[in-house]
Each structure stands twice: as C-alpha cells, then as structure tokens.
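Residues per chain, in single letters:
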Amino acid sequence: MDFHLLSADPKQVQSPVGTCISCLCILLFNLMAKEIVIRRISKMIQLGSVTVGGSAPIRVQSMTKTDTRNPRATIEQIHELEECGCEIIRCAVPDMEAAQALKVIKKWVRIPLVADIHFDYRLALTALESGVDGLRLNPGNISDPEKVAAVVKAAQERLVPIRIGVNFGSLPKDLNPRLSIPQQMTEAAMRHIRILEDLNFDLIKVSLKAFDVPTTVQAYQEIAGKIPYPLHIGITESGTPRQGMIRSAAGIGILLYQGLGDTLRVSLTGHPRDEVYAAYEILKSLNLREHGPSLVSCPTCGRTEVDLVPLAGAVEQYLTKIKKPLKVAVMGCVVNGPGEARDADIGVACGKGKAVLFKKGQPLRTIEESDILSELMREIDNL
Ligand code: SF4
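Just so it is clear, the structure is predicted and the values come from calculations on it, not from any experiment. (Residues numbered from 1 in each chain as written. Predicted model: local features only at pLDDT ≥ 70, side-chain atom pairs only at ≥ 80, totals over all residues. Heavy atoms only, no water.)

**Student:** I'd like a rundown of the overall build of the protein, residues and numbers included.
**Tutor:** Summing up its helical and strand segments, the protein has 12 helices and 17 strands in all. Relative to its length of 383 residues, the protein is compact, with a C-alpha radius of gyration of 23 Å against a globular reference of 21 Å. Classification of the 383 residues of the protein by burial places 49% in the buried group. Mean positive and mean negative side-chain charge positions of the protein (45 and 43 charges, respectively) differ by 1 Å. (Helix = DSSP H or I, 4+ residues; strand = E, 2+ residues; numbered from the N terminus. Rg over C-alpha atoms; globule rule 2.2 N^0.38 Å. Buried < 20%, exposed > 50% of the residue type's maximum accessible area, 1.4 Å probe, protein only. Lys, Arg positive; Asp, Glu negative; His and termini not counted. Charge placed at Lys NZ, Arg CZ, Asp CG, Glu CD.)

**Student:** Could you give an account of the packing of aromatic side chains, with specific residues and numbers?
**Tutor:** On inspection of all chains with the given rule, the structure shows zero aromatic pairs. Here arginine 247 stacks its cationic end above the ring of phenylalanine 211, 3.8 Å away from the centre of that ring. (Phe/Tyr/Trp six-rings, centres within 6.5 Å; stacked < 30°, edge-to-face > 60°. Lys NZ or Arg CZ within 6 Å of the ring centre and 35° of its normal.)

**Student:** Explain the site of the ligand to me, using residue names and the numbers behind them.
**Tutor:** Taken together, Cys298, Pro299, Thr300, Cys301, Arg303, Thr304, Met331, Gly332, Cys333 and Asn336 are the residues near the ligand. Tallied by class, residues from the shell around the ligand come to five nonpolar, four polar and one charged. (Near = heavy atom within 4 Å. Nonpolar A, V, L, I, M, F, W, Y, C, P; charged D, E, K, R; others polar.)

**Student:** Can you lay out the sheet that holds strand S17 (residues 362–368) for me, pointing to particular residues and giving the numbers?
**Tutor:** Pairing in this open sheet of five strands is mixed, and the strands run S13-S14-S15-S16-S17 from one edge to the other. Either end of the sheet is taken by a strand with one partner, and the two such strands are strand S13 (294–297) and S17. Going across the sheet, the axis of each strand differs from the next one's by a mean of 20 degrees, ignoring polarity. Sheet topology note: the strand S16 (residues 354–359)/S17 ladder contains six bridges and is antiparallel. Pairing of alanine 355 across the sheet is with isoleucine 367, part of S17. (Pairing = 2+ DSSP bridges. Axes fitted to C-alpha atoms, helices over the stretch in contact; angles between N-to-C directions.)

**Student:** Before we move on, can you summarise the sheet that holds strand S9 (residues 162–167) with the specific residues and values?
**Tutor:** Taken together, the eight strands give an open sheet; going across it, the order is S10-S9-S8-S7-S6-S5-S12-S11, and neighbouring strands pair in parallel fashion. Two strands in the sheet have a free side with no partner beyond their single neighbour: strand S10 (204–209) and strand S11 (232–233).

**Student:** Can you tell me about the pairing of S9, naming the residues and giving the values?
**Tutor:** In terms of residue burial, S9 counts as a mostly covered element, since six of its six residues are buried. For the crossover that starts at strand S8 (residues 134–136), traverses helix H5 (residues 145–158) and ends in the parallel S9, the hand is right-handed. Bridge count between S9 and S10: six bridges; the pairing is parallel. Residue isoleucine 162 lies in a different strand from S10, and its bridge partner there is isoleucine 204. As a crossover connection, the stretch from S9 through helix H6 (residues 181–198) into S10 is right-handed. (Right-handed = clockwise from strand over helix to strand, strands pointing away.)

**Student:** How would you sum up the pattern of salt bridges? Please name residues and give values.
**Tutor:** Evaluation of the coordinates by the stated rule reveals 28 salt bridges. Linking glutamate 375 and arginine 365 is a salt bridge whose minimum nitrogen-to-oxygen distance equals 2.6 Å. In this pair, glutamate 375 sits in helix H12 (residues 372–382) while arginine 365 sits in strand S17, placing the two residues 10 residues apart along the sequence. Take glutamate 375: its relative accessible area is 13%, and that puts it in the buried class. A residue is classified by how much of its surface remains accessible, and arginine 365, at 30% relative accessible area, is partly exposed. In the salt-bridge network here, residues are joined through shared partners; they are Lys359, Arg365, Glu375, Arg378 and Glu379. (Salt bridge = Lys/Arg side-chain N within 4 Å of Asp/Glu carboxyl O.)

Structure follows, in structure tokens:
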C-alpha cells in the first residue's frame, strides 16, 4: 500500500513519502508531534464537479431520507444539505418512477447526485440517462453478464463512477467460511471489482461496512493494499444520533487516522443534516478539514462561578449561523480558562460574576456576566 502525507491544513495536500533520511526524520518528527496523518494513495475519480481520492480533500456525503419519487421534497432536502456543506448526495432508487425522478432532481441541485440501485439494471440505465454523477451498484447482483456490460458501457461513456458497497449483513452465502468476516467482506468486494475490471472499467469506489467497529476497521485494512481505488468509509446502521455519532466517530476516526478513507458518510437514524454535521466534526477533530466554527467549552467543575452550561449552549446555537472557520472558547474559571481563551480567535475566561474577553490571544476587557453572550456575539460578528 502506498501513502501520502496529509497535512493538518487541508489546502496543503500531499506529497509522496520521501525515501531520503531527512524526509523520514521529518515524517517521524511530525508523527510524534501528531500533526499529520499519512494517507493511503488512491486513484482520483471525478463525480460531477467533485474530485474523490488522490490528493482531494476527504469528501463529506449523505443520503436523502425522502421518497425519491417525490422530487420536490427530495430537492428541498438536498438544498438544506448543500447549505450544511454536504458535497455528494445519494438517493435510493427502488423503482422506475424513482429512476425517472432523478432527471428533475439533477436539474435543481448543485452537488453530485449518486443513484443507489440494487439488482435491476434498467434502473441503472435510466439513472445514467437522467444525468446522475455516480452509481452505487454491485454488478455481481445482476445475474446476466450482458446486462452488467450494458450498464458499465453506459457509465463508461458518461465517465460516471460506480461504488461497490459490501455490507456485512448481505454477504454472499458461498464465501469460504474459513475466512474471517473482514476477509469475507473483502472477497465479496473483490468479486464485484473483478467484474468491472474485466470490462475495462476502473472508475471505482469501494465501501465495506458493518455495524461492528473492529470488523469494519479490519475489513478496510484488509482491502486497502489490494486495490488502488478510493475508499468510501462509514459504520453502517450505527443508530440514532446519540449512539450513532459516537460509534461512527470511533470507527471512522480510527480509519482516518490510519490514512484510510477518501469520502465518508455517517449513517444515522435521523435527519441527514446530523450526518453532515457529525462528518465534519470527525474531520475537524483530526485536523483533516476546516469547516465552520469550533467551540471550546470547559466541562465545568466546583471552580465554575458563572452559569456556564446555558451560556455555552447559547454560543453553540449562535455559531450555527456562522460559516467561517473560527475557534471560540467559553471557559469557566481563571485556572485553565485564560490559556484556552487566548488560543481561540475569540474567548472568555469567566470569574465570579465577570469574565475576561480575549481576542486573537490578547485580553480585550473585563465584562459583566450578564453581558458575556452579547459581547461574544458582537466580537464574533466583528471577526
Ligand atoms: S476551566 Fe476551570 S471551571 Fe472549567 S472545568 Fe476547568 S478548572 Fe473547572
């Protein structure tokens, strides 16, 4: 498997790992300083206007929860997700009416549209004719090789990538039972990949998802060195937002920190805006992407002398309106508060009934507790 260095700054993307001693020393130093992730080198593919893999930023995607046969509702949801920063959107295509609706949906959305299709090659052909930018389709699930060839030919003509998606819950029955589950998942994916490669098609993305985090991580580790294609990562059916965000953060976080993953979806039983929100928080936590503001707030303790919990909640709510990447700190005391507040673009370190307001590392002024929120909002707006 080949790797790139991935800078904490997403704009400064990878240069190949050097072989000279000084490069290795720099690499080791940076690793020790936890400043970089070494990212697996993958083939770059294009979904509409968005590049996935290679040196492209790790892309955030989601799936609509509306009925695709209702274009108005689906378009409205995609617009909301575009506003949140979603970069690729996928729609389920259960029947021909849904496949035909893609043409209208495609016309009204800006981000690349992926059609999620199982078994029926006619749905794939209609989706391609509707102008979709990607297919999620397992060719091995279409029994007739001529039908597979027709879909692949249509995708090739339009340069539309196909994602092969293997889920633990739907593994073929004839896999070697001596193989571990991650190995079986990899073998299932390789079967689909070979079908596409035999048809000279290489605009491929691959996902191997399970509910279980160790299984998912091992499956991606297993396949990463066997194929050059970009990896779509995620933990499938991870649950409601409360459980699912934590489970996804654990699984996706491990993979990303190991350099695996070119695009990701956080699958939640909830509104897809939460999926996009969670995806960016995971990427931001690993310094892999910048996206909107970050709030640093202390957990509070016996030293806290202001009502910090509602204050932090109100600041967090206010920040949802801000698009710019900035760091805001809301700290409860003068012990740890000033350090974090100084490190932020704007921050407060609170004391008894008062707080010191910091901007870009400099103390600005002391403010009354009742004015903390309004003063913070004013300074955020000024930034
Ligand atoms: S910053 Fe101060 S108040 Fe907040 S948790 Fe730490 S010690 Fe307690």
